[in-house]
Amino acid sequence: MNNILEVKNLNVHYKKFHAVKDINLSIKQKDIFVVCGPSGSGKSTLIRAIAGLEKYSSGKILINEKEMSEKSIMKNNIFGMVFQQFNLFPHLTILENITLPLRKVKKLNRIDANKIALEVLNKVKIEDQKDKYPSTLSGGQQQRCAIARSLAMNPSIMLFDEPTSALDPEMINEVLDVMTDLANLGMTMIVVTHEMGFAKKLASKVIFMDNGMIVENNTPDNFFNYPKEERTKIFLKQILKH
Ligand code: ADP
Ligand code: MG
């Protein structure tokens, strides 16, 4: 099968600081890549650069084997992105949060936008919350709304940046369940997370980053049971301790 996404020798600098160093990745349709690593290792910068939200200093992004600029990646809604913070508009209802980009970016009329919004709200199981305002929902429900908003734009690949890190522990599973459903429906995903249960169960590959580099890119079985790199072993010891 062809690669849906290829990242080639990607480098990101913030002024003189080299945040992402010569990253290479190949992802096939329906792959679930889990990215982990210590704070400041460049995980967010990497996926933001892939999504076209961060300028890269050198390298290439290929979508379905064709090189694409940041601009065309954004314009074609290749990526849906979900952040730690939900970034919902507080003055709009759940439904309106989802229809707004459909109407403004995709130029859909109200009827078509509503139809898509209801479909994606059903997918994340909060259609009954559609007329409420974000602040009246739980964190888990708000994050599911943010996922629905991304899905509504019909992206080819979903990128998640620590989607459960801001949630109370009892709400983490409802968000992971929605992500699991998406994975089972065949969505291609890159997920920055330290939820290692999710990684063990669903990842095609687990990537460990440190200091802007990919230190290890391995199958979940090998990553957890037979890590190649000393740095990976130390990291695993730290996070699996809890
Ligand atoms: P992670 O997501 O793994 O915690 P980040 O990608 O957020 O790491 O950050 C990687 C490095 O780049 C960090 O040292 C961080 O301080 C730095 N960095 C991130 N964003 C910026 C920015 N906008 N300007 C300057 N430095 C940044
Ligand atoms: Mg980050």
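For the structure given in this document, a descriptive report is provided here. (Residues numbered from 1 in each chain as written. Chains lettered and ligands numbered in written order. Predicted model: local features only at pLDDT ≥ 70, side-chain atom pairs only at ≥ 80, totals over all residues. Heavy atoms only, no water.)

1. A short note on the pattern of salt bridges
Here is step 1: Following the criterion strictly, the structure yields seven salt bridges and no others.
Here is step 2: Here K125 makes a salt bridge to D181, at a shortest N to O gap of 2.9 Å. With a gap of 56 residues between them, K125 in the loop between helix 4 (110–123) and helix 5 (139–152) and D181 in helix 6 (residues 169–184) connect regions that are remote in the sequence.
Here is step 3: Residue K125 is classed as exposed on the basis of its relative accessible area, which comes to 51%.
Here is step 4: Salt-bridge contacts for R144 lead to E174; the nearest nitrogen and oxygen are separated by 3.1 Å. Within this pair, whereas R144 is found in helix 5, its partner E174 is found in helix 6, the two being separated by 30 residues in sequence.
Here is step 5: On the basis of relative accessible area, R144 is assigned to the buried category, the value being 9%. (Salt bridge = Lys/Arg side-chain N within 4 Å of Asp/Glu carboxyl O. Helix = DSSP H or I, 4+ residues; strand = E, 2+ residues; numbered from the N terminus. Buried < 20%, exposed > 50% of the residue type's maximum accessible area, 1.4 Å probe, protein only.)

2. Points about the packing of helix 3 (residues 94–104) against helix 5
Here is step 1: Where helix 3 contacts helix 5, the two axes come as close as 9 Å, and the packing angle between them is 25°. When the axes of helix 3 and helix 5 are compared, the pair comes out roughly parallel. The way helix 3 lies across helix 5 gives a crossing that is right-handed. In this structure, helix 3 contributes I94, N97, I98, P101 and L102 to the contact, and helix 5 contributes C145, A148, R149 and A152.
Here is step 2: Looking at the contact of helix 3 with helix 5, its residues break down into seven nonpolar, one polar and one charged. (Axes fitted to C-alpha atoms, helices over the stretch in contact; angles between N-to-C directions. Parallel < 35°, antiparallel > 145°, perpendicular 65-115°, else oblique. Left-handed = near helix turned anticlockwise from the far one by under 90°. Contact = heavy atoms within 4.5 Å. Nonpolar A, V, L, I, M, F, W, Y, C, P; charged D, E, K, R; others polar.)

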